[in-house]
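# A structural walkthrough
Each chain is listed here by its residues.
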Amino acid sequence: LIVADESVSLEITGNGDVLEPHDGVLAVGSGGFYAQAAARALTYNVPDMSAEEVARKAMDIASDMCVYTNKEYVVETITIKEDEGKDGEEEEEGKSEK
């Protein structure tokens, strides 16, 4: 299981260990090692690629190398919005009842 936010990526193993990679690149599955190697090469050598572009290209490379990996995959992205409630909460705290 891989979990991530805007600042850290972690892998939770089957034994419950939590692992943090030294370079922020993680992969799982039968072609995971191929995809991870490709993603590392891309992040080191093509710094302008987005995380989604790196993931897609790494999966394409892994599918060319691993017989158990194919090009039929789903990419899910999460858009992180700034917490709009912070300003409202501060205003509420500053108000007093009359």
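Anyway, here's the lowdown on the structure attached to this text.

Rules used in this analysis
Residues numbered from 1 in each chain as written. Predicted model: local features only at pLDDT ≥ 70, side-chain atom pairs only at ≥ 80, totals over all residues. Heavy atoms only, no water. Pairing = 2+ DSSP bridges. Helix = DSSP H or I, 4+ residues; strand = E, 2+ residues; numbered from the N terminus. Core = buried A, V, L, I, M, F, W, Y, C linked by side-chain atoms within 4.5 Å. Buried < 20%, exposed > 50% of the residue type's maximum accessible area, 1.4 Å probe, protein only. Expected span 1.5 Å × (residues − 1). Arc of directions from axis to C-beta. Contact = heavy atoms within 4.5 Å. Polar contact = N/O pair within 3.5 Å; in protein donor to acceptor, adjacent residues only side chain to side chain.

On to the sheet that holds strand β3 (residues 18–19). Judged by pairing direction, the sheet is antiparallel, and its 3 strands sit side by side in the order β1-β2-β3 without closing on themselves. Only two strands of the sheet have a single partner each, and these edge strands are β1 (2–4) and β3. Where β1 lies against strand β2 (residues 9–12), 3 bridges are found, and the strand directions are antiparallel. Bridge assignment links Val3 to a residue of β2, and that residue is Leu10.

Time to look at the nonpolar core. One finds Val25, Ala35, Ala38, Ala39, Leu42, Val54, Ala58 and Ala62 forming the largest nonpolar core, which totals 8 residues. Going through the elements one at a time, α1 (32–45) and α2 (51–65) are the ones with two or more residues in this core. If you tally residues by element for this core, the top one is α1, at 4 residues.

If you check α2, its first and last C-alpha atoms are 21 Å apart, about what 15 residues at 1.5 Å a residue would give, namely 21 Å. For α2, the full list of buried residues reads Val54, Ala58, Ala62 and Ser63. Looking straight down α2, one finds its buried side chains confined to an arc of 160 degrees; they lie on one side. Looking at the buried side of α2, the elements it contacts are α1.

Turning our eyes to something else, we now look at the side chain of Thr69. Looking at where Thr69 falls in the secondary structure, it is placed in the loop between α2 and α3 (85–94). The exposure class assigned to Thr69 is buried, which follows from its relative accessible area of 14%. A distance of 3.3 Å separates a polar atom in the side chain of Thr69 from the backbone nitrogen of Gly31. If near-sequence neighbours (up to four positions away) are discounted, Thr69 is found in contact with Ser30, Gly31, Met59, Ala62 and Ser63.

Shape is all these values report; function is a separate question.
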